[in-house]
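Inside the fold
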Amino acid sequence: MGNVPPPWPSGPDPRERAVPQHSQVWASPGQAAHPGGPDAVWAWPPPVKPPRPRVDTPPPGVPYHRMGRTERHRWWKPPLAIGCAIPLSFGLGLFFVLVLELVKAIRHIPADVAELGHPVADLAVELVLVIVLLPAVLIAVRVVQRRRAGTLSSVEGRLRWRWLLRCTAVAVGCVVVSFGGLMALLVITEPGEPLFGEFAGMETFLAALAVIFLLVPFQAAAEEYALRGFLMQLVGGYGDPTRPGRSAPGRLFHRFLASPVPAILVSGLIFTLLHDYYDWALLDVAVFGLGMAWLTWYTGGLEAAIALHVVHNLVAFVLAAYEGDFDSSGDTGSWQSLLATIVEVSVFCLVVAWMRRKQAIRHTTPEAEATPPARPQSPPPSPQWS
């Protein structure tokens, strides 16, 4: 009798073996210089190109004003970012004004456009129209420059809250000395002149205090993010002295562009021109703007500038609330006020600079972490067929 196969399955026939479900997929050879050359090798698993990150990371070891020069940086992106931030802030402000005018029409409030007819309410409207700068620049950085909005805060990519609180403590002392010295100087140089006007009344004063302490910190922070953060990093993105092929004058020019000098000067100049002041008051604002721009670069973040700006504005607005007059447009200032601001800014910068060195506060972006060398792996065994 011949061999009769058993009634039960005796296992798959090796000749009909199917390819396993999780079989190896071999990558085809790369683009070799010559077919069959040494570069034409087979590899498994096939190399996968890593996806491009959604946002760019600032280069390691660069100062604050150079954080905008990422891999996606192009010469036309800073103007485009400004062209995005300005209409966006204007649109947000226009939306707020339209809502305000609608409320006025419903409540039958007779007042000019963007006003409510009361000094405290008008102050609140004015502060909100400045605060809209903050979301505008944050959106422009994220959408146009494709980097995280936190890179505007500091070289750490976030707001350093402990450092901000320390700088605020220093700012309180400097502002108290500044305003106290100003009043003493006015008493000495202008005897007989009153330091304050007539009291506006407790109701107006308390309402003004509520608006001031609620909105002024955001107003001051918005100006810092827009002018000491957004604008400084846009200007600091230009200049590439390491690019090969440049002549000696070209490298010198690009080295100047990459330095903090243009970013500090442009930031301080624009900050000054945005204030409707004249004479001594204009110089006063220029000293403050340039000092805060330098301090932002030196400390690697906006915390110090925000601290002094918030405390200074709070005291100034509280003193104005005593009289109930918040209209500072066309202010000419005085040489006494300019001298007080010079002392305030100088002492604050010196103390904060000393604190930055003493506490080793980071003023450049973190260095890239060195990746450990990969352990050599033996090639996977070739499949064995039984």
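The following refers to the structure shown. (Residues numbered from 1 in each chain as written. Predicted model: local features only at pLDDT ≥ 70, side-chain atom pairs only at ≥ 80, totals over all residues. Heavy atoms only, no water.)

1. Details of helix H6 (residues 248–258)
Among all positions in H6, only Gly250, His254 and Ala258 are buried. In an axial view of H6, the angular spread of the buried residues amounts to 70°, which keeps them on one side of the axis. Residues of H6 that are exposed and point more than 90 degrees away from the buried face comprise Pro249 and Leu252. Where H6 is buried, its residues touch helix H7 (260–273). (Buried < 20%, exposed > 50% of the residue type's maximum accessible area, 1.4 Å probe, protein only. Helix = DSSP H or I, 4+ residues; strand = E, 2+ residues; numbered from the N terminus. Arc of directions from axis to C-beta. Contact = heavy atoms within 4.5 Å.)

2. Describing unusual backbone geometry
The phi torsion at histidine 108 lies on the positive side, around 55°, for a residue other than glycine. Along the polypeptide, histidine 108 turns up in the loop between helix H1 (77–107) and helix H2 (119–131). Residue class for histidine 108 comes out exposed when judged on its relative accessible area of 68%.

3. A look at the pattern of salt bridges
This structure, assessed with the given rule, holds six salt bridges. We note a salt bridge from aspartate 56 to arginine 72, for which the minimum N-O separation is 2.7 Å. Of this pair, aspartate 56 sits in the segment before H1 while arginine 72 sits in the segment before H1, and the two are 16 residues apart along the sequence. Its relative accessible area of 6% is what places aspartate 56 among the buried residues. (Salt bridge = Lys/Arg side-chain N within 4 Å of Asp/Glu carboxyl O.)

4. Concerning helix H5 (residues 202–236)
Taking 1.5 Å per residue as the helical rise, H5 with its 35 residues ought to reach 51 Å, and the 48 Å between its terminal C-alpha atoms agrees with that figure. If you look at H5, its biggest bend is around 40°, right at leucine 215, and the proline proline 217 turns up within four residues after that. Judged by how many residues are buried, H5 sits mostly within the fold: 26 of 35 residues are covered. (Expected span 1.5 Å × (residues − 1). Bend = angle between axes of the 7 residues up to and from the residue.)

5. Points about a nonpolar patch on the surface
A cluster of nonpolar side chains, contributed by Val187, Leu195, Phe196, Phe199, Met202, Leu206 and Tyr322, occupies part of the molecular surface with about 610 Å² of accessible area. Take valine 187: its relative accessible area is 48%, and that puts it in the partly exposed class. (Patch = residues over 30% accessible without salt bridge, like charges linked within 9 Å, V, L, I, M, F, W, Y side chains within 5 Å. Areas by Shrake-Rupley, 256 points an atom, 1.4 Å probe, with all protein chains shown as cover.)

6. Focus: a negative patch on the surface
Judged by side-chain charge, Glu126, Asp276, Glu323, Asp325 and Asp327 come together as a negatively charged surface patch. Locating aspartate 327 in the fold gives a position in the loop between helix H9 (303–323) and helix H10 (335–358). Residue classification places aspartate 327 among the exposed positions, given a relative accessible area of 59%. (Lys, Arg positive; Asp, Glu negative; His and termini not counted. Charge placed at Lys NZ, Arg CZ, Asp CG, Glu CD.)

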